[in-house]
Amino acid sequence: DYLKPKTQVVSRRKNNPAIAEMNRRFEEMIAKCITYDKTGLFRLPVNRRLVPDYYEIIKNPMDLSAMMGKAKRVEYKNRADFETDLDLMSNNARLYNGPHHDITIQGDDIKKFGHQLLAVQGSDFDRLELGAQKNWSESSGN
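Here we summarise the structure given alongside this text. A quick note: this is a predicted structure, and the numbers were derived from the prediction, not measured. (Residues numbered from 1 in each chain as written. Predicted model: local features only at pLDDT ≥ 70, side-chain atom pairs only at ≥ 80, totals over all residues. Heavy atoms only, no water.)

**So, the overall build of the protein**
Reasoning step 1: In terms of regular secondary structure, the protein is built from seven helices and zero strands.
Reasoning step 2: Counting helices and strands in the order they occur from the N terminus, the protein gives α-α-α-α-α-α-α.
Reasoning step 3: Surface summary for the protein: the accessible area is close to 8,600 Å², and the carbon and sulfur share equals 54%. (Helix = DSSP H or I, 4+ residues; strand = E, 2+ residues; numbered from the N terminus. Areas by Shrake-Rupley, 256 points an atom, 1.4 Å probe, with all protein chains shown as cover.)

Quick look at the structure:
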């Protein structure tokens, strides 16, 4: 069954206490980013009815609710995955709206805020990522 390996990987992540803790912290950071997003434009996916051509231009959409869902499902395995989604959200705003649009500027501000939240917990994440790697190696028999 081609789905089984992926299920096992997700299950191992959920059972990895360090990865579970990282994702719990990502949830908190995303909640702060949602509060920081005063316009509300990045909280939910772009509405296809209001912006019909968005998904023709943006092939890999990202928003804060999608990020929250990933954190709740324990899909982030490290900071880099989380940062990739923060950056993608901001880059999508730039691609669709142009570099000087108010929405792009708001996206950049949320991205910067999210990176600042990560930086504050940098040493904690160093420890968690190391623990996640160690736990992952032990559980896979390596």
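That shown, we press on.
**Examining unusual backbone geometry**
Reasoning step 1: Positive phi values are uncommon outside glycine, yet Val74 reaches one of about 60°.
Reasoning step 2: Positionally, Val74 belongs in the loop between helix H4 (64-72) and helix H5 (79-97).

**Some remarks on the packing of H4 against H5**
Reasoning step 1: Packing of H4 against H5 brings their axes to within 10 Å, and their N-to-C directions diverge by 165°. Classified by the interaxial angle, the pair formed by H4 and H5 is roughly antiparallel. When the axes of H4 and H5 are compared, the crossing they make is right-handed. Along the contact surface, H4 presents Leu64, Met67 and Lys70, while H5 presents Phe82, Asp85, Leu86 and Met89. (Axes fitted to C-alpha atoms, helices over the stretch in contact; angles between N-to-C directions. Parallel < 35°, antiparallel > 145°, perpendicular 65-115°, else oblique. Left-handed = near helix turned anticlockwise from the far one by under 90°. Contact = heavy atoms within 4.5 Å.)

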